[in-house]
Amino acid sequence: MALHVPWHPFQLGDILLTMPGLCLIGLLHCVTVFFEMAIVEAMSAAGHFKETLSPLILVFSASVVTVFYTLPAILSVAFVYFGEVTQPCLLGAVVAVLACKTAAELAASSPIASFLKWTVAPILFCAISLCNVWRFSCCVATLLLMKFGLAKLSENFKSPKPAPGDPLRILCLGDSFYPYMDGVQTFTTNTIQQLTHMGHEVHVFTSVAGPDKLFGVDVTRGAGMGGNYPGHSLTLPSPALFRALTFRPHLVHLFDTCPIALLTSFVLWLLDIPYVWSHHTRIDHYVQFLPQPGPLIGISVLRAFGTLMCNLCSTHMMVDDAMRNETPWLQNVDDGCKFFWKSGCDVNIFTPEARSQSTREWISGGRPDLPVVAFVGRMAYEKNIKLLPDLIKKFTEAGLENKCRWVIVGSGPADNDVRSQLEGFDNVVFTGRLGKEELAKVYASADMLFNPTVTGGCDLVLLEAQAAGLAVVAPRLPVISIVVGDGVRGKLYEPLNMEDAKRAVLECIADLDRLKAPTRAHAEAEFAWDRVIADAVKMYRKALTTPSRY
């Protein structure tokens, strides 16, 4: 006898939550779990795991993505398609959940808070919205099993809360770690080095290729997908994440709004592992530089997904305080969860003492008597690098030929494009990508830094240039205005307006000695990395005492 399966959408929920339907879901889940376990065991045998994982960790590590992504999604779809779920029922369920959330926040220091978060709120939602004893019983059984699984999983993947003043165990996670070079990598490198110097234990999870140890700390490398730049990799969810969590951190630090941070935030929230999220760039602006249909689809998806995930985090650290009001996915996050994290620079490497006469001769194109304006950064379209040739060409006009010389430091996808536009111009020198010591010499041997970027926060090159004693010409943006100070340590111009940028450069040249004078002292007082990371540790400890959201 042929089996007839009704596909009417309003019957979908009834099909899934009948005994055969639940058995089918359970069977599919078990098959998936065993398949994932086989993968984990194969990876372990191949040497990807340094020590043997217990069977309990293997089971929950392999199944957590399936349990917490697939099953809730199926149940949610089932709830939506129950014909008898009325709007008053759903409204009552939402009110009940919000009441539980409020009670959990008020009772944050009590064990009842966790109980409200993990058990009472979802059970109330099911009870009120389903209005059916059988369905309610099935959902409660599922939720209690998930709660048991979460508790067991969490025990294996986090350390008990440390006493005040005790060293911390911190897992750093993201896509920008050495040897890949960008602004966020500078943050991760100095965070690792300063934390270990302060006596804290650090572990790294990323897919960026490199050695097993990074500045003396262990690295777990997960699956990744090649990025747009050499050495860059987008880290993807994989069982290796749970290998990294066997480090048993007190806290996880997510660096920037990368895919793995967005996805990991949900897992950390489910496991009730404290975490902080630092935001370094406006990723929604970067998406517009992808090929179509990326800009058309990507921004909307990114904003929607980012809004959901950011609301789960209790501590957001922003290197540009303007992100509080401008980053779309942070708008619905409570102001009490958003903190300004000052950028830093290596004031010992970038110093006026690194000045070299031979370097000055090179970057000035043989005219060391003229002021030298430097651009330093990735040659990438999202850095607004396409504006630079237009500005440099303005300084070949009559009367401006000998006002200054330009040096462009860096490499990237736009390198050939920029070079072709400036081919034959004798007022510009290209150095390509430089190591830190050579870069320090270029900074110290120049006179000012020009920055066209509006897609980031406060670019680290601004701070490095100040540490080397340079004046800065940059867009008039909130955090840059504070760092540069229009007419104090440089000049500001209207963002993306190269005619106004020319005006700012000329005014800076005319008053160069006065504008350069205070920059080194300002960098030493405000942006030394030991102070920046000390501020981060204060936010770490605050996050450890802050109740989980929802």
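Up top is the structure these notes are about.
What this report covers is the structure whose coordinates are included nearby. Note that this is a predicted model, so its numbers are computed, not measured. (Residues numbered from 1 in each chain as written. Predicted model: local features only at pLDDT ≥ 70, side-chain atom pairs only at ≥ 80, totals over all residues. Heavy atoms only, no water.)

## What to know about the overall build of the chain
Filter applied, for reference: The numbering of helices and of strands both runs from the N terminus, where a helix is a DSSP run of H or I of at least 4 residues and a strand a run of E of at least 2. Burial status follows relative accessibility: with a 1.4 Å probe on protein chains alone, a residue under 20% of its type maximum counts as buried, one over 50% as exposed, and anything between as partly exposed. Any two residues having at least one pair of non-hydrogen atoms within 4.5 Å are treated as being in contact. For the area figures, the Shrake-Rupley method with a 1.4 Å probe applies, and any residue is considered shielded solely by the protein chains shown.
In terms of helices and strands, the chain carries 22 helices and 16 strands. Going through the 550 residues of the chain one by one, you find that 53% of them count as buried. Considering only contacts within the chain whose residues lie at least 6 apart along the sequence, 69% involve residues at least 24 apart. Per element, the accessible surface of the chain, about 24000 Å² overall, is 63% carbon and sulfur.

## Here's the deal with the pairing of strand 11 (residues 372–376)
How we decide: Strand pairing requires that DSSP identify at least two bridges connecting the strands. Seen with the strands pointing away from the viewer, any crossover whose path from the first strand over the helix to the second strand runs clockwise is right-handed.
Most of strand 11 sits out of view: 5 of its 5 residues are buried. Burial of the side chains of strand 11 extends over both faces: V372, A374 and V376 are buried on one face and V373 and F375 on the other. As judged from the 5 bridges shared by strand 11 and strand 12 (residues 405–409), these two strands associate in the parallel manner. Residue pairing for strand 12: F375 is matched across the bridge by I408. In the classification by handedness, the crossover that spans strand 11, the intervening helix 14 (residues 388–394) and the parallel strand 12 is right-handed. Of the strand pairs in this sheet, strand 11 and strand 14 (residues 448–450) are connected by 2 bridges, and their pairing is parallel. Bridging from a neighbouring strand, V373 pairs with M448 of strand 14.

## Description of the pattern of salt bridges
So the rule is basically this: Any Lys or Arg side-chain nitrogen found within 4 Å of a carboxyl oxygen on Asp or Glu counts as a salt bridge.
This structure, assessed with the given rule, holds 18 salt bridges. For the salt bridge of E438 with K441, the shortest nitrogen-to-oxygen distance reads 3.7 Å. With E438 and K441 both in helix 16 (residues 436–445), this residue pair falls 3 residues apart, about one helical turn. The class of E438 is partly exposed, set by a relative accessible area of 34%. K441 sits in the partly exposed class, given a relative accessible area of 31%.

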